[in-house]
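What follows is each chain in one-letter form.
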Amino acid sequence: MTTSGAPAPTSPPIRASEALQKKLAKIGLQSEADLLVHLPLRYEDETRITPVNRSFANEPVQVEVVVHSNEIQFRPRRQMIVRAADESGEITLRFFSFYPNQQAALSEGSRIRAFGEVRGGFFGAEMVHPRFRKVGDDEPLPSELTPIYSTTAGLANSALQKLIGKALAVGDLSETLPEELRQRLKLPGLARSLRFLHTPPPGTDLDTLHARNHPAWRRVKFDEVLAQQLSLRRAYLARREQGAPVLVARDDLGARLLDQLPFGLTGAQLRAMAEIANDLAQPYPMQRLLQGDVGAGKTIVAALAACQAISAGWQAAFMAPTEILAEQHYLKLKDWLEPLGVKVAWLSGSLKTKAKREQLAATAAEAQLVVGTHALIQDGVDFAKLGLAIVDEQHRFGVAQRLALRKKGDNPHQLMMSATPIPRTLAMSYYADLDVTVLDELPPGRTPIKTRLIADNRRDDVVGFVKKAVEEGRQAYWVCPLIEESEALQLQTAQETYDFLFEQFSGLTVGLVHGRLKADEKQAVMAAFAAGDIDVLVATTVIEVGVDVPNASLMVIEHAERFGLSQLHQLRGRVGRGKYESSCVLIYAGPLGEIARQRLKIIFENTDGFEIARQDLQIRGPGEFVGARQSGVPLLRYADLEMDADLVEMARDVAEEMLTEHLELAERHLKRWLGSREELLKS
Ligand code: ADP
Ligand code: MG
């Protein structure tokens, strides 16, 4: 974006030896600003000394003792045993790992202060791995709580504390919230808040500090959330400043597609279509996320967007995360569009050399729609004139991959799709750089899916359900247990499940599909299932996304307790796609823990993906929801998207205001809170 005024100054690097700088960099500390916002994990009270004979308690205490002896033992395992005492009694300090300099500091005659929990051990009072420090006689006690920072091997808390103290004395603590705004939000000043958190004054209540709802913590969390909003919003605006092709339909391709569909669009689909059509006609790139529950009908909306691009004389690309899904899209889109004269190309990793050469040539020349997997973003794929990039199941792709697709054109419009419903505050936080359209209506005529929970030892009943479904002319999926730790084991289990079912279902056709099959083998199995030649498809989660076989009416999932709820919801969404009554059987292996029980209850009781996500968030926290970005650097260190939801809402409005009215402050705010990590956000 165009920045008026000078760029925000960069915070000076930390002055320290090269070795120390390296250690600091390991925990993301490179500049003074980084130090200032490296806030304590917790605090310890070292303002008091507790006599050894009164130190048994459930909370950690500080003792001051003189070392009597120090020996290394090798049995039952290597350890350093330090015996020490004060006037009231003796205590043993036990270390299972230690550096030579620590051993030296704990030599006979040393006076030390040790902080930790005291337990009754074999030799009486004992501390295991206490934090300790050598002190002189009559060394004064600190008057403040000791902040405990996250640190790394070989970097003592006290060293970090010193560096941060220095940064607090000389560093830039200037305010980045406009005064009027700060008062309106009722937040304390930044300098005051940071000083308070790094060096809480004597008498500050430990519990309040640890609970993190002190106003100073709120200020920090707000700043952090604001930085995230500013960054995403700024990236959004920056992309908007780049030009994009104006895609105005020059013929009635879209209308002809609609005419030949066997169904009419839902109201939600019509609204989405209108929004997208408007975006595409702008001279800047669309950055839209189309969110809709499983089966909401996103594909046709995307196809209509593609029609607009094509009829404006440009190409559209349609990328999906798995071979199975991509091929299914390809077949469907070809089916819809080729009769209308649209040239559709197909790119996937499994293409043979000759076919690949042909498809690449088409992509570089006459193809109007190119459907494929990651193969679309490989080197050597050239588009003649890419105007619209569509990414299905976008959370399955990394930031870099989505960017790579965009790079295949000259700033094309972007449509991303996702069936992973995420709760509102998370959406606000993670999609602040996107416009979001929600398909909040399922096409009519869907038969509700009946969900059953069945314990492992009643597998025979389930076999009966499958037989019955097949007798009625339907088909079934049987999803194998998920084994995240080992792909080999996963494969083995899939094979065993297949063997078991093959025996159970003599007379029926049983197919097996898993991630290790070659692409063309996978396609052959899927095609056979879609054609009705396979009755029961044993599968791993490769069928989780998108697969659409309306005649399948039964979904069996083994070890359902091992799956994520959104995964279960996606899997369940594979049935109930036709006019037949459908059901989903979740087989679980007991005994279930409390959380597992709650989660299965959620999926059992709810059919709305957003509601499932909301409840899941409540019991699990936000970690799982954020898709590709969750694998990046954790951007929020202090704020919690669920607990601090109100801050997210506030920050979103403030970000908008700051980017229009206080740009210079906004830039400084970003530098302070994101520092070098900001690069990682750019997508
Ligand atoms: P998703 O949003 O999960 O990607 P799809 O686009 O695969 O959903 O659509 C699911 C099924 O519903 C497809 O078979 C599709 O053709 C059908 N469908 C889409 N829109 C409608 C509609 N308005 N009325 C009836 N069926 C529809
Ligand atoms: Mg889909």
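Higher on the page you've got the structure.
Since the model is a prediction, treat every value here as computed from it, not as a measurement.

## Let's talk about the packing of helix α8 (residues 215-241) against helix α23 (residues 663-674)
Close contact between α8 and α23 brings their axes to 9 Å; oriented N to C, the two are set at 115°. The angle between α8 and α23 falls in the class roughly perpendicular. In the crossing of α8 with α23, the sense of the turn from one axis to the other is left-handed. On α23, the residues touching Val 220, Asp 223, Glu 224, Leu 226, Ala 227, Leu 230, Ser 231 and Arg 234 of α8 are Ala 666, Glu 667, His 669, Leu 670, Trp 673 and Leu 674. Tallied by class, the residues present in the contact of α8 with α23 amount to eight nonpolar, two polar and four charged.

## Looking at the site of ligand 1
Not every one of the 17 residues close to ligand 1 is listed here, only the nearest: Gly 295, Lys 298, Thr 299, Arg 446 and Asp 548. Contact distances for ligand 1 include 2.7 Å between an oxygen atom and a side-chain N or O atom of Lys 298. Within the shell around ligand 1, the residues separate by chemical class into five nonpolar, six polar and six charged.

## Comments concerning the packing of aromatic side chains
One pass over the full model with this rule turns up five aromatic pairs. Relative to Tyr 638, the ring of Trp 217 lies with its centre 5.9 Å away and its plane at 45°, an arrangement referred to as tilted. One end of the pair, Trp 217, is in helix α8; the other, Tyr 638, is in the loop between α21 (609-620) and α22 (645-661), and 421 residues separate them in sequence. Both residues of the pair, Trp 217 and Tyr 638, belong to the buried class. Seen in terms of ring centroids, Tyr 498 and Phe 502 are 5.8 Å apart; in terms of plane orientation they differ by 40°. Their pairing is tilted. With Tyr 498 and Phe 502 both in helix α17 (residues 487-504) and four residues apart, this pair spans about one turn of that helix. With relative accessibility at 18%, the residue Tyr 498 sits in the buried group. Over the ring of Trp 314 we find Lys 385; its NZ or CZ atom is 4.5 Å from the centre of that ring.

## What about the nonpolar core?
Among the nonpolar cores identified, the biggest contains 122 residues, and Leu 257, Leu 369, Leu 388 and Leu 415 are the most heavily contacted of them. Of all hydrophobic cores here, the second largest spans 33 residues; its members include Tyr 477, Ile 543, Val 549 and Ile 603.

## Overview of unusual backbone geometry
Residue Pro 76 follows Arg 75 across a cis peptide bond; omega there is 0°. With respect to the helices and strands, the residue Pro 76 is situated in the loop between β2 (61-73) and β3 (79-86). In the Ramachandran plot, Asn 411 falls in the positive-phi region, its phi being about 55° despite a non-glycine side chain. Relative to the assigned elements, Asn 411 resides in the loop between α14 (399-407) and β15 (413-418). A positive phi is found at His 559, a non-glycine position, where the angle reads about 50°. Its place among the elements puts His 559 in the loop between β21 (552-557) and α19 (565-572).

## Focus on helix α10 (residues 267-280)
The end-to-end C-alpha distance of α10 is 20 Å, a good match for the 20 Å that 14 residues give at a rise of 1.5 Å each. For α10, the complete set of buried residues consists of Ala 268, Gln 269, Ala 272, Ile 276, Asp 279 and Leu 280. The arc enclosing the buried residues of α10, seen along the axis, measures out at 100°, which places them on a common side. Of the surrounding secondary structure, the elements contacted by the buried residues of α10 are β10 (287-292), α11 (298-311), β14 (386-391), β15 and β16 (435-439).

## Focus: the sheet that holds strand β22 (residues 582-588)
Strand order in the open sheet made by the six strands is β17-β22-β21-β18-β20-β19, with parallel pairing throughout. Both edges of this open sheet fall to β17 (449-455) and β19 (510-513), since each of them pairs with a single strand only. In this sheet, adjacent strand axes meet at a mean angle of 20° when their direction is disregarded. Pairing geometry for β21 and β22, over four bridges, is parallel. When the sheet's bridge partners are listed, Ile 557 is paired in β22 with Leu 586. The strands touched by α17 within the sheet are β18 (475-479), β19 and β20 (536-539), with β19 carrying the most contacts at an inclination of about 175°.

## Describing the environment of Leu 426
Within the secondary structure, Leu 426 is located in helix α15 (residues 424-430). Note on Leu 426: relative accessible area 0%, which makes it buried. As a C-alpha pair, Leu 426 and Glu 642 span 216 residues in sequence and 7.9 Å in three-dimensional space.

## Topic: the pairing of strand β13 (residues 369-372)
Residues Leu 369 and Val 371 of β13 are buried on one face, and the alternating residues Val 370 and Gly 372, pointing to the opposite face, are buried as well. Two elements, strand β11 (residues 315-319) and β13, share four bridges in a ladder whose sense is parallel. Opposite Met 319, over in β13, you have Gly 372 as the bridge partner. Bridge count between strand β12 (residues 344-347) and β13: four bridges; the pairing is parallel. Within β13, the position partnered with Val 344 by the bridge is Leu 369. On the question of chirality, the crossover connecting β12 to the parallel β13 by way of helix α13 (residues 353-364) is right-handed.

## As for a negative patch on the surface
Together, Glu 59, Glu 117, Asp 205 and Asp 207 give the surface a local cluster of negative charge. Of note, Asp 205 is situated in the loop between α6 (190-198) and α7 (206-211). For Asp 205, a relative accessible area of 42% gives the class partly exposed.

Calculation notes
Residues numbered from 1 in each chain as written. Chains lettered and ligands numbered in written order. Predicted model: local features only at pLDDT ≥ 70, side-chain atom pairs only at ≥ 80, totals over all residues. Heavy atoms only, no water. Axes fitted to C-alpha atoms, helices over the stretch in contact; angles between N-to-C directions. Helix = DSSP H or I, 4+ residues; strand = E, 2+ residues; numbered from the N terminus. Parallel < 35°, antiparallel > 145°, perpendicular 65-115°, else oblique. Left-handed = near helix turned anticlockwise from the far one by under 90°. Contact = heavy atoms within 4.5 Å. Nonpolar A, V, L, I, M, F, W, Y, C, P; charged D, E, K, R; others polar. Near = heavy atom within 4 Å. Polar contact = N/O pair within 3.5 Å; in protein donor to acceptor, adjacent residues only side chain to side chain. Phe/Tyr/Trp six-rings, centres within 6.5 Å; stacked < 30°, edge-to-face > 60°. Buried < 20%, exposed > 50% of the residue type's maximum accessible area, 1.4 Å probe, protein only. Lys NZ or Arg CZ within 6 Å of the ring centre and 35° of its normal. Core = buried A, V, L, I, M, F, W, Y, C linked by side-chain atoms within 4.5 Å. Expected span 1.5 Å × (residues − 1). Arc of directions from axis to C-beta. Pairing = 2+ DSSP bridges. Right-handed = clockwise from strand over helix to strand, strands pointing away. Patch = residues over 30% accessible without salt bridge, like charges linked within 9 Å, V, L, I, M, F, W, Y side chains within 5 Å. Areas by Shrake-Rupley, 256 points an atom, 1.4 Å probe, with all protein chains shown as cover. Salt bridge = Lys/Arg side-chain N within 4 Å of Asp/Glu carboxyl O. Lys, Arg positive; Asp, Glu negative; His and termini not counted. Charge placed at Lys NZ, Arg CZ, Asp CG, Glu CD.

From the geometry alone we can't say anything about function, so treat these as descriptive.
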